[in-house]
Amino acid sequence: MLSKNLLQDLLERTQEIKHKAEGFKTLPLETLNWKSSPDSWSILECLEHLNRYGDYYIPEIEKRITASQYRPAEIFKSGWLGNYFANAMLPKEKLNKMKTFTSMNPKGSSLDKEVITKFIAQQQDLINVLKLASRADLTKTKTGISISKWIKLRVGDTFRVVIYHNQRHLDQAERVLMEAGRQ
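In what follows, the accompanying structure is described. (Residues numbered from 1 in each chain as written. Predicted model: local features only at pLDDT ≥ 70, side-chain atom pairs only at ≥ 80, totals over all residues. Heavy atoms only, no water.)

## A few points about the overall build of the chain
- Looking only at helices and strands, the chain has 6 helices and 2 strands in total.
- Ordering the α and β elements of the chain from the N terminus gives α-α-α-α-α-β-β-α.
- For 183 residues, the compact-globule estimate of 2.2 N^0.38 gives 16 Å, and the C-alpha radius of gyration of the chain, at 17 Å, lies within 12% of that figure.
- Seen through its C-alpha atoms, the chain measures out along the principal axes to roughly 55 × 30 × 30 Å.
- Burial status across the chain gives 45% buried among its 183 residues.
- Pairs at least 24 residues apart make up 86% of the contacts formed inside the chain by residues separated by at least 6 positions.
- For the chain, the accessible area works out to roughly 10200 Å², and carbon and sulfur atoms hold 52% of it. (Helix = DSSP H or I, 4+ residues; strand = E, 2+ residues; numbered from the N terminus. Rg over C-alpha atoms; globule rule 2.2 N^0.38 Å. Buried < 20%, exposed > 50% of the residue type's maximum accessible area, 1.4 Å probe, protein only. Contact = heavy atoms within 4.5 Å. Areas by Shrake-Rupley, 256 points an atom, 1.4 Å probe, with all protein chains shown as cover.)

In structure tokens:
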């Protein structure tokens, strides 16, 4: 895949995610915290979950791109593990449920609209880092991942995982909003 095409696709996805999140700012707190069941997440819990991952990945990606000594390459080649993780995160019609790590699970947190403000700011940071990424080789530049310090992913794959994960949970938040509207 052409590196510039990957970055453009991810930039467009992130801009759409940010735009959708901005729509949540006008909702009442009661709607943002509504859950269909005690085991499900509210809109704010979906976004808080993403904020927790963003706190790790956005600085990690930026640091690796800034420090990268590899010149930009025209082609991005996904690694097998990164491609697996990215494809697992892609939103699908019938989602496969995944367990989240306790530290990333916002269930039961006391959340307010600041969660949305932070998420939107993180999306802007991600947009800025995506623009910065055109200066690095997306295949040779590697990032750490949040679940293991020994596993490294190609930065192009890390972007895909993070942004597809954002899309996945934003879709979840929109479903919660639709369910809340039926109540």
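## Here we look at the pattern of salt bridges
- Tallying each qualifying case throughout the model produces 8 salt bridges.
- For Arg13, the salt bridge goes to Asp9, with nearest N and O atoms at 2.8 Å. Of this pair, Arg13 and Asp9 both sit in helix α1 (residues 3-24), separated by 4 residues, roughly a single helical turn.
- Residue class for Asp9 comes out partly exposed when judged on its relative accessible area of 27%.
- As a salt-bridge pair, Lys20 and Glu174 come within 3.5 Å of each other at their nearest N and O atoms. A residue pair is termed long-range when its members are at least 10 positions apart, and Lys20 in helix α1 and Glu174 in helix α6 (residues 155-182) qualify at 154 residues.
- Residue Lys20 is classed as partly exposed on the basis of its relative accessible area, which comes to 27%. (Salt bridge = Lys/Arg side-chain N within 4 Å of Asp/Glu carboxyl O.)

## Here's the deal with the packing of helix α3 (residues 43-67) against α6
- Axis separation between α3 and α6 bottoms out at 10 Å; the angle between their running directions is 165°. In terms of orientation, α3 lies roughly antiparallel with respect to α6. Remark: the crossing between α3 and α6 carries left-handed chirality. Two secondary-structure elements touch here, α3 through Ile43, Cys46, Leu47, His49, Leu50, Tyr53, Tyr57, Ile61 and Ile65 and α6 through Val155, Thr158, Phe159, Val162, His165, Asn166, His169, Leu170, Gln172, Ala173, Val176 and Leu177.
- Residues of the contact of α3 with α6, tallied by class, amount to 15 nonpolar, 6 polar and no charged. (Axes fitted to C-alpha atoms, helices over the stretch in contact; angles between N-to-C directions. Parallel < 35°, antiparallel > 145°, perpendicular 65-115°, else oblique. Left-handed = near helix turned anticlockwise from the far one by under 90°. Nonpolar A, V, L, I, M, F, W, Y, C, P; charged D, E, K, R; others polar.)

## Details of the nonpolar core
- Membership of the largest hydrophobic core comes to 47 residues, with the highest contact counts inside it found for Phe24, Ile43, Leu47, Ile65 and Phe159.
- Mapped by element, the contributors of at least two residues to this core are α1, α3, α4 (80-89), α5 (114-132) and α6.
- The biggest single contributor to this core is α3, with 10 residues.
- Among all residues touching Phe159, those that are not within four sequence positions of it are Leu7, Leu10, Ile61, Ile65, Leu126, Val129, Leu130 and Ala133. (Core = buried A, V, L, I, M, F, W, Y, C linked by side-chain atoms within 4.5 Å.)

## Considerations on the environment of Gly79
- The residue Gly79 is located in the loop between α3 and α4 in this model.
- With 78 residues separating them in the primary sequence, Gly79 and Asp157 have C-alpha atoms 7.4 Å apart.
- Not counting residues within four places of it along the chain, the set of residues in contact with Gly79 comprises Arg154 and Asp157.

## Considering the packing of aromatic side chains
- Counted by the stated rule, this structure contains 3 aromatic pairs.
- With a centroid separation of 4.8 Å and 90° between ring planes, the pair formed by Tyr56 and Tyr57 is classed as edge-to-face.
- Seen from their ring centres, Tyr84 and Phe85 are 5.9 Å apart, and the 55° between their planes marks the pair as tilted.
- Take Tyr84: its relative accessible area is 54%, and that puts it in the exposed class.
- Here the aromatic cluster, defined as three or more aromatic residues joined through ring pairs, consists of Tyr53, Tyr56 and Tyr57. (Phe/Tyr/Trp six-rings, centres within 6.5 Å; stacked < 30°, edge-to-face > 60°.)

## Notes on the pairing of strand β2 (residues 148-154)
- In the sheet, strand β1 (residues 142-145) pairs with β2 via 4 bridges, with the strands oriented antiparallel. Residue pairing across strands places Ile145 opposite Ser148, the latter belonging to β2. (Pairing = 2+ DSSP bridges.)

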